[in-house]
Structures are given as structure tokens and as C-alpha cells.
Amino acid sequence: MEDKTRVFTLAGRVLRNLFRKPATVQYPFQPAEYPERMRGHVEIQISSCICCGLCARSCPSTAIKVDRAAGTWTIDRFDCVQCGSCVAACPKKCLSMAKGYTEPGVAKKSETFIKPKEEQPAAAASGGGKPSVDVEKCVYCTLCAKKCPQEAILVDRKEKIWKLDEEKCVQCGICASACPKHAIEM
């Protein structure tokens, strides 16, 4: 008796499902509709990247690696948790979150983007470059040194010294934006 009720229950479900609309969407034939607040995946405009490494330092899952000397930016898509902290940390706003999912693959791989060599001088001409200070405007408040992510700026209030370590400087421009007197120019 119990087997007959199971068969009738199953037959009833089968018949109901034959005449209902499918619960899922046939993805390749219908484009996916992403929710409004979906984070998506990280995209980069490598031509405007200065390879400062701030995005890599802010990444909680260490999915981003930046090689400043080679001019490469690498992301391991399967380690990325799509939190957006790299986008928020980027001083040049060359990172963005695009809607969509990472395409599945057989092997775990990373994507590497290489900064074009011919565009580096153009970036320096458009506001990039090392910071320089106008000592007449500077009040030696040390805000630029505190905000510098590389600790490339040394400010001594007593001696009225503003010094830049050019090896450490990544030309991010955070010091110039932090200066209340606008004494720093890139």
C-alpha cells in the first residue's frame, strides 16, 4: 500500500511539472540577468595603472600580484572574493567591478596584464611623476608623510625638512591629495 502511494505521488508531480514553466533559465539561449547590486569581477585598464601595488596590499585573499619592475598586474580569479577593496584602494581608479561571473575552467589559472611600454611617458606627462613640494606653501604638517602608503616621504617640523625617497615612491598622488595647502605637485 505504501509503494502505491509513493507511485501516485511521483506520478502526480511528474504530470504537474510537464505543464509548468521551467524553474530555471536556459542560459546560453537567454542572456543572464544580473542582480542590481551584484559585485561581479575585477577589471583593469592597464594603460592607466601605475603598478603601485596598493590594490595587492588591500586584497584580503592575496589574489592580486603586482610587479612594478616588469609592469605586470596579475589576478588569480578563483582566489578573488569580489569584495571590491582593491577598487577602493586604487589611487588612479583604473580598477572597476564589472557585472558577470568568472568563466569556469578545467584548470585554476591567473590572468596577467602587461603595461604597454609606449604609454608610460604619456602617463607621466598627464599628471604622473614624482611629487615635488613648494617650500613656501608647505607648513610641514606631516599629513603627506602619514598618508604615503610606501613611507617614501620624511617630514621634520622642527628642522623644516621635506624629503622624498624616490626609490620607494610609486607616484600614486595620495600625498598631493592629502596636502591641505596644495604645496605638493606631481
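Note that the coordinates shown come from a computational prediction; the quantities given were computed from them, not determined experimentally.

Analysis parameters
Residues numbered from 1 in each chain as written. Predicted model: local features only at pLDDT ≥ 70, side-chain atom pairs only at ≥ 80, totals over all residues. Heavy atoms only, no water. Helix = DSSP H or I, 4+ residues; strand = E, 2+ residues; numbered from the N terminus. Rg over C-alpha atoms; globule rule 2.2 N^0.38 Å. Buried < 20%, exposed > 50% of the residue type's maximum accessible area, 1.4 Å probe, protein only. Contact = heavy atoms within 4.5 Å. Lys, Arg positive; Asp, Glu negative; His and termini not counted. Charge placed at Lys NZ, Arg CZ, Asp CG, Glu CD. Phe/Tyr/Trp six-rings, centres within 6.5 Å; stacked < 30°, edge-to-face > 60°. Expected span 1.5 Å × (residues − 1). Core = buried A, V, L, I, M, F, W, Y, C linked by side-chain atoms within 4.5 Å. Pairing = 2+ DSSP bridges. Axes fitted to C-alpha atoms, helices over the stretch in contact; angles between N-to-C directions. Patch = residues over 30% accessible without salt bridge, like charges linked within 9 Å, V, L, I, M, F, W, Y side chains within 5 Å. Areas by Shrake-Rupley, 256 points an atom, 1.4 Å probe, with all protein chains shown as cover. Salt bridge = Lys/Arg side-chain N within 4 Å of Asp/Glu carboxyl O.

Participant: Please explain the overall build of the protein as it appears in this structure.
Facilitator: What the protein contains, in helices and strands, is six helices and nine strands. Taken over the C-alpha trace, the protein has a radius of gyration of 26 Å; the compact-globule value for 186 residues is 16 Å, which it surpasses by more than 25%. Across its three principal directions, the C-alpha atoms of the protein cover 95 × 35 × 25 Å. Here the protein holds 186 residues, and the buried ones make up 31% of them. Long-range contacts, defined here as pairs at least 24 residues apart, represent 66% of the contacts in the protein between residues at least 6 apart. Here the protein contributes 29 positively and 21 negatively charged side chains, and the mean placements of these two sets differ by 7 Å.

Participant: Can you walk me through the packing of aromatic side chains in this structure?
Facilitator: For any pair of aromatic rings, geometry is given as the distance between the ring centres together with the angle between the planes. Counting across every chain of the model gives one aromatic pair. A centroid spacing of 5.8 Å and a plane angle of 50 degrees characterise the contact between W73 and F113, whose relative ring orientation is tilted. Of the two residues, W73 is situated in strand β3 (residues 72–76) and F113 in strand β5 (residues 110–114); the sequence distance between them amounts to 40 residues. Look at F113 and you get partly exposed, because its relative accessible area is 23%.

Participant: Where do I start with the environment of D76 in this structure?
Facilitator: Along the chain, D76 falls in strand β3. In this structure, the C-alpha to C-alpha distance between D76 and S96, residues 20 residues apart in sequence, is 16 Å.

Participant: What is the right way to read helix α1 (residues 2–18) from this model?
Facilitator: Within an α-helix, residues lying three or four positions from one another point in the same direction, as the helix has 3.6 residues per turn. The end-to-end C-alpha separation of α1 is 25 Å, in line with the 24 Å expected for 17 residues at 1.5 Å each. Counting buried positions along α1 yields zero of 17 residues, so the element is predominantly exposed.

Participant: What's the story with the nonpolar core in this structure? I'm lost.
Facilitator: In globular proteins that are soluble, nonpolar side chains generally tend to be buried together. Of all hydrophobic cores here, the largest spans 18 residues; its most connected members are V42, I44, I64, W73, C86 and L95. Once residues within four sequence positions are removed from consideration, W73 is found in contact with V42, I44, I46, C55, I64, K65, V66, L95, E111, T112 and F113. Among the nonpolar cores identified, the runner-up in size contains 16 residues, and C148, L164, A176 and I184 belong to it.

Participant: Teacher, can you tell me more about the sheet that holds strand β2 (residues 64–67) here?
Facilitator: Neighbouring strands of a sheet are bound in pairs by backbone hydrogen bonds; such pairs are parallel or else antiparallel. Judged by pairing direction, the sheet is antiparallel, and its three strands sit side by side in the order β2-β3-β5 without closing on themselves. The sheet is open, and its two borders are formed by β2 and β5, each paired with just one other strand. Along the sheet, successive strands turn relative to each other by an average axial angle of 15 degrees, direction set aside. With five bridges connecting them, β3 and β5 associate as antiparallel partners. Along β5, the bridge assignment pairs W73 with F113.

Participant: Can you help me understand the environment of A178 in this one?
Facilitator: By secondary structure assignment, the location of A178 is in helix α6 (residues 174–178). Among the residues examined, A178 registers a relative accessible area of 19% and is labelled buried. Taking the C-alpha atoms as reference points, A178 and C144, separated by 34 residues in sequence, lie 5.8 Å from one another. Aside from chain neighbours lying at most four places away, what touches A178 is L143 and K147.

Participant: Please explain a nonpolar patch on the surface as it appears in this structure.
Facilitator: Together, L10, V14, L15, L18 and F19 give the surface a local cluster of nonpolar side chains, amounting to about 580 Å² of exposed area. Classification of F19 as exposed rests on a relative accessible area of 72%.

Participant: Quick question: what am I supposed to make of the pattern of salt bridges here?
Facilitator: Evaluation of the coordinates by the stated rule reveals two salt bridges. Of the charged contacts, one joins E111 and R77 as a salt bridge, the two residues approaching to 2.6 Å between their closest N and O atoms. A residue pair is termed long-range when its members are at least 10 positions apart, and E111 in strand β5 and R77 in the loop between β3 and α3 (85–89) qualify at 34 residues. Among the residues examined, R77 registers a relative accessible area of 11% and is labelled buried.

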